Amino acid sequence: MTDFHFTVTNVPANVSLRAQLRAWNVPKHFQGAWRRQQLITVNGVYQPLTNPLPAGATINICFSAPAPIVPPYDAPVTIAYADEHVIVAEKPAGLKTHPSAAGDTDSLIGRLAAHFAGTPIYITHRLDMATSGLILLARDPLTQAIINRQLATKMLHRTYTALVRPGMTQSWGRIDAPIAHRPDDIRRRMVAANGLPATTFYRVLTRSATADRLSLRLATGRTHQIRVHLDHIGHPLLGDPLYGHEAAPRLMLHATTLTWQEPLSNHFRTVTSTVPF
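Residues numbered from 1 in each chain as written. Predicted model: local features only at pLDDT ≥ 70, side-chain atom pairs only at ≥ 80, totals over all residues. Heavy atoms only, no water.

Each turn of an α-helix holds 3.6 residues, which means side chains three or four residues apart point in the same direction. In terms of burial, helix H3 (residues 108–115) is a largely internal element, 6 of the 8 residues being buried. Inspection of H3 places Leu108, Ile109, Gly110, Arg111, Leu112 and Ala113 among the buried residues, and these make up the whole buried set. The inward-facing, buried residues of H3 abut strand S5 (78–82), strand S6 (86–91), strand S7 (122–123) and strand S8 (132–138). (Buried < 20%, exposed > 50% of the residue type's maximum accessible area, 1.4 Å probe, protein only. Helix = DSSP H or I, 4+ residues; strand = E, 2+ residues; numbered from the N terminus. Contact = heavy atoms within 4.5 Å.)

Given below as structure tokens:
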């Protein structure tokens, strides 16, 4: 078990401590455990979650939780941003987010485990192996749970840049098409009426005879969502070996920006990455 400690100062007044925790997207199971074990204090004293929160309060939280075991892999890794709660790393194309098969050694998680030796690392979302760009990871289980809540409630915003088959007729649009597994290929997905709801927003940035450059935003996070949706409308990603088969040196998809609400804060942070193509 690993001990985790959080201190938040100068918290504004609120109708209750519970209301403040809800505003911070703290899941109910954390709130319940803290209440039962009296692990949360306001100005140094435990108080019920229903009590009013005074202006300028200091909230302290202490709890223990198991930490994931991540075998370190000593290789270069680019850190776009890091603080006491999160790490934003740049994943190169061709590198797995985490080991997924027996014998896997090199992965972004493994590289981060070596770079931040002794620090637990918790996955919040993933990028396909062929996709490059920003990925947000948590340094404690509370932050992981808060970020997961932000993903579920669409508070966390992700944008991507892509090169696709040219000839987009609309300058912007929305793709609403449910995504399901392909019955003939476990690696691939397809648009199907019985699939899970999926929505992608796109905007054309530039056009050329060889490719259109798009900015894309996800409203949902299905596996291969952007790849499937763009192939579905007839403009597959360049360099995609599974969908469209448009020739390019690599999959032309890059996670460009991440915006999230910082844990136990009302402040939002945005990190941006330079597109490598």
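Still more ground to cover, so stick around.
For the rest of this paragraph, the subject is the sheet that holds strand S3 (residues 45–46). The antiparallel open sheet is built from 4 strands, whose spatial order is S1-S4-S2-S3. The sheet terminates laterally at strand S1 (2–11) and S3, the two strands that pair on one side only. Two elements, strand S2 (residues 40–42) and strand S4 (residues 57–65), share 3 bridges in a ladder whose sense is antiparallel. Along S4, the bridge assignment pairs Val42 with Ile59. In the packing of helix H2 (residues 28–37) onto the sheet, contacts are made with S2, S3 and S4, and the angle to S4 comes to roughly 95 degrees. (Pairing = 2+ DSSP bridges. Axes fitted to C-alpha atoms, helices over the stretch in contact; angles between N-to-C directions.)

Counted by the stated rule, this structure contains 10 salt bridges. We note a salt bridge from Asp128 to Arg227, for which the minimum N-O separation is 3.2 Å. Here Asp128, found in the loop between S7 and S8, pairs with Arg227, found in helix H5 (residues 225–232); they are 99 residues apart in sequence, far enough to count as distant. Among the salt bridges present, the one from Glu262 reaches Arg269, with a minimum N-O distance of 2.5 Å. Each of Asp128, Arg227 and Asp240 takes part in one network of salt bridges that share partners. (Salt bridge = Lys/Arg side-chain N within 4 Å of Asp/Glu carboxyl O.)

Next up on the list: the nonpolar core. Ranked by internal contacts, the top residues of the largest apolar core, which has 29 residues, are Leu112, Tyr160, Leu216, Ile226, Leu230 and Leu237. Of all the elements in the fold, those that place two or more residues in this core are S6, H3, S8, strand S9 (157–164), strand S13 (199–207), strand S14 (212–218), H5 and strand S15 (253–261). Phe30, Trp34, Ala57 and Ala65 belong to the second-largest nonpolar core, a separate cluster that totals 25 residues. (Core = buried A, V, L, I, M, F, W, Y, C linked by side-chain atoms within 4.5 Å.)

Next up on the list: unusual backbone geometry. At Asn43, a position not held by glycine, the phi torsion is positive, near 55 degrees. Mapped onto the elements, Asn43 comes out in the loop between S2 and S3. Overall, the relative accessible area of 47% leaves Asn43 in the partly exposed class. Unlike most non-glycine residues, Lys154 shows phi in positive territory, near 65 degrees. Here Lys154 shows up in the loop between helix H4 (141–152) and S9.

Its location among the elements puts Gln150 in helix H4. Those residues within four positions of Gln150 in sequence are excluded, and the remaining contacts are Asn25, Met155, Leu156, Trp260 and Gln261.

Right, let's talk about the pairing of strand S16 (residues 268–272) for a bit. Taken together, the 5 bridges between S15 and S16 define a ladder with antiparallel strand orientation. By the bridge assignment, Leu258 is partnered in S16 with Val271. The hairpin turn running from S15 into S16, its antiparallel successor, is 6 residues long, and Leu264 in that turn takes a positive phi close to 55 degrees.

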